[in-house]
Amino acid sequence: MQSTLERLQALSAERAKAREAEKTAKILQMPMPVWPESVRGVPNVALRSALFGAIKRGPRRYMDRELVTSLEGYEVRYTGPRLDQSDLDVWEALLHLARRQALGNRIEASERQLLKEAGRSYGKSGREWLKSVAARLSATTVEIQHDHQNYGGSLVDEFYRDDIAGCYVIELNPRLQLLFAHEDWTQVEWEQRQKLKRQPLAQWLHGFYSTHARPFPLKVKTLHQLSGSEAKQLYHFRAELRDALACLEEATGWTHEIDTNDLVHVGKIPTPSQARYLSKPKQPKK
DNA sequence: CCGCAGTAAGGCATCTCTCG
DNA sequence: CGAGAGATGCCTTACTGCGG
């Protein structure tokens, strides 16, 4: 026999669940945020984790529902071959193309257009590469938990070449909308990212620090794990990190320092929107 | 542990050629 | 001219070995 209290508790739990579902439904109906042509809008979870890692070319390690290192607050599991910064280029390009439509809609784009949006030159090797990225992004599984919101599925629902139409057909998962909710996404300067081409670690750092208006110091070891670097020795990674930070500074003007405690400091000039955000909570000091 | 130089191997840009 | 195939060669990463 249930007590009145138990019944009440069950009822309130049910209501909470319903509210959560309602919230999710609401988010799914919101339009995709719009960002200017010069940036790429990317969910923070993709930039604050090793999901798209700073890994070297060559054979990719296969992951099976493995927990991906990420900043606190995100839980990410991934199944499939490791994703790299080039895969991120394409995913960003797809989101970019989709941003003016409601997610879930079909995108049709030529090989040429996709390669251009991803910052690649058009040629035999580029087209072959695009095929392999399409296979990776559509055939792998990501599970993301953040803020009571769950996302599960592939990064791209459909991604195939329609030989008759002579173009690619892409269908994004409508639930991707959840990853853009609560302003939990970042505008990444595309021109800066392109300057860091072929330098996975510098690209990863650029994405990571783009998500922070005022970066906080992190240990070299933490960055090693967060970036998904496969360097086996930490001092090797430290050397790579130094080079990458120097490239990053050249491309963005963000200053860097590794102090005696092995803490990495990055100083940056906040973007206008980040500056507004920073000035909000605190009263201006005088 | 750390820095530097050298190495291997693969990613990627680019060039040329062919075909319609 | 434009699209695509194939070949070539540069550039990068991460590892190794040596000396401090």
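Residues numbered from 1 in each chain as written. Chains lettered and ligands numbered in written order. Predicted model: local features only at pLDDT ≥ 70, side-chain atom pairs only at ≥ 80, totals over all residues. Heavy atoms only, no water.

Engineer: I tried to follow the overall build of chain A on my own but got confused; where do I start?
Structural biologist: Helix and strand counts for chain A stand at 10 helices and 14 strands. Within chain A, the proportion of its 286 residues that are buried is 47%. (Helix = DSSP H or I, 4+ residues; strand = E, 2+ residues; numbered from the N terminus. Buried < 20%, exposed > 50% of the residue type's maximum accessible area, 1.4 Å probe, protein only.)

Engineer: Honestly, the domain arrangement of chain A in this entry has me stumped. Any pointers?
Structural biologist: Note on interface size: it is often stated as the accessible area lost on association of the parts. Split into domains, chain A comes out as domain 1 (39-188) and domain 2 (190-280). For domain 1 and domain 2, the distance between their C-alpha centroids amounts to 22 Å. Across the contact, 26 residues belong to domain 1 and 22 residues belong to domain 2. Across the domain 1 to domain 2 interface the summed buried area is about 2000 Å²; carbon plus sulfur atoms make up 55%. Together, A54, Q85 and V188 form the three largest contributors to the area buried by domain 1 at its contact with domain 2, with a combined 26%. Run the count over domain 1 and domain 2 and you get two salt bridges. Among the salt bridges present, the one from R193 reaches D89, with a minimum N-O distance of 2.8 Å. Of all elements in the fold, only β1 (39-43), α2 (44-47), β2 (52-53), α3 (85-98) and β11 (185-189) reach the threshold of two or more residues within the side of domain 1 that touches domain 2. Classifying every residue of the side of domain 1 that touches domain 2 by side-chain character gives 10 nonpolar, eight polar and eight charged. (Domains from an automatic or database assignment. Contact = heavy atoms within 4.5 Å. Buried area = accessible area lost by both parts, 1.4 Å probe. Salt bridge = Lys/Arg side-chain N within 4 Å of Asp/Glu carboxyl O. Nonpolar A, V, L, I, M, F, W, Y, C, P; charged D, E, K, R; others polar.)

Engineer: Any chance you could explain the protein's contact with DNA strand C here in plain terms?
Structural biologist: Taken together, 13 residues surround DNA strand C, and among them R112, Y122, R127, H236 and E240 come closest. Take the atoms of DNA strand C that sit within 4 Å of the protein: sugar and phosphate atoms are 82% of them. At a separation of 3.1 Å, a sugar or linking oxygen of DNA strand C approaches a polar backbone atom of R198. Here a phosphate oxygen of DNA strand C and a side-chain polar atom of E240 are 2.7 Å apart. Elements with a contribution of two residues or more to the surface near DNA strand C: α5 (124-139) and α9 (234-252). Classifying every residue of the surface near DNA strand C by side-chain character gives two nonpolar, two polar and nine charged. (Near = heavy atom within 4 Å. Polar contact = N/O pair within 3.5 Å; in protein donor to acceptor, adjacent residues only side chain to side chain.)

Engineer: What am I meant to see in the protein's contact with DNA strand B here?
Structural biologist: Every residue lining DNA strand B is accounted for by R57, G58, S86, R120, S121, G123, S125, W129, R198, Y235, R238 and R242. Protein-proximal atoms of DNA strand B, defined as those within 4 Å of the protein, fall in sugar or phosphate at a share of 72%. At 3.0 Å, a side-chain N or O of S86 approaches a phosphate oxygen of DNA strand B. Contact distances for DNA strand B include 3.0 Å between a phosphate oxygen and a side-chain N or O atom of R238. Secondary-structure elements contributing two or more residues to the surface near DNA strand B are α5 and α9. When residues in the surface near DNA strand B are grouped by element, the largest group, three residues, is from α9.

Engineer: Looking at this model, I keep getting lost on the confidence of the model for chain A. Mind explaining?
Structural biologist: It should be kept in mind that the predicted coordinates are not to be read in detail where pLDDT is low. Per-residue confidence for chain A gives a mean pLDDT of 83; residues scoring 70 or more make up 80%. Low confidence marks residues 281-286, where pLDDT is under 50. Its contacts with residues over four positions away, or in another chain, come to one contact. (pLDDT = per-residue confidence, 0-100.)

Engineer: How should I be thinking about the pattern of salt bridges in this particular structure?
Structural biologist: A complete count under the given rule lists 17 salt bridges for this structure. As a salt-bridge pair, E128 and K124 come within 3.2 Å of each other at their nearest N and O atoms. A residue pair is termed a helical-turn pair when its members lie 3 or 4 positions apart in one helix, as E128 and K124 do in helix α5 at four residues. The salt bridge involving E128 is made with K131; its shortest N-O contact spans 3.4 Å. Here E128 pairs with K131, and both are found in helix α5, just three residues apart, close to one helical turn. When its relative accessible area of 40% is taken as the criterion, K131 is described as partly exposed. Here the salt bridges do not stand alone but share partners, grouping R60, D84, D87 and R136 into one network.

Engineer: What's the story with α3 in this structure? I'm lost.
Structural biologist: An α-helical turn contains 3.6 residues, so a residue and the one three or four places further along point in the same direction. For α3, spanning 14 residues, the distance from its first C-alpha to its last is 20 Å, which sits close to the expected 20 Å at 1.5 Å a residue. Counted residue by residue, α3 has 14 buried out of 14 residues, so it is predominantly covered. The residue sitting at the N-terminus of α3 and contributing the capping side-chain oxygen is D84; that oxygen lies 3.0 Å from the backbone nitrogen of S86. (Expected span 1.5 Å × (residues − 1).)

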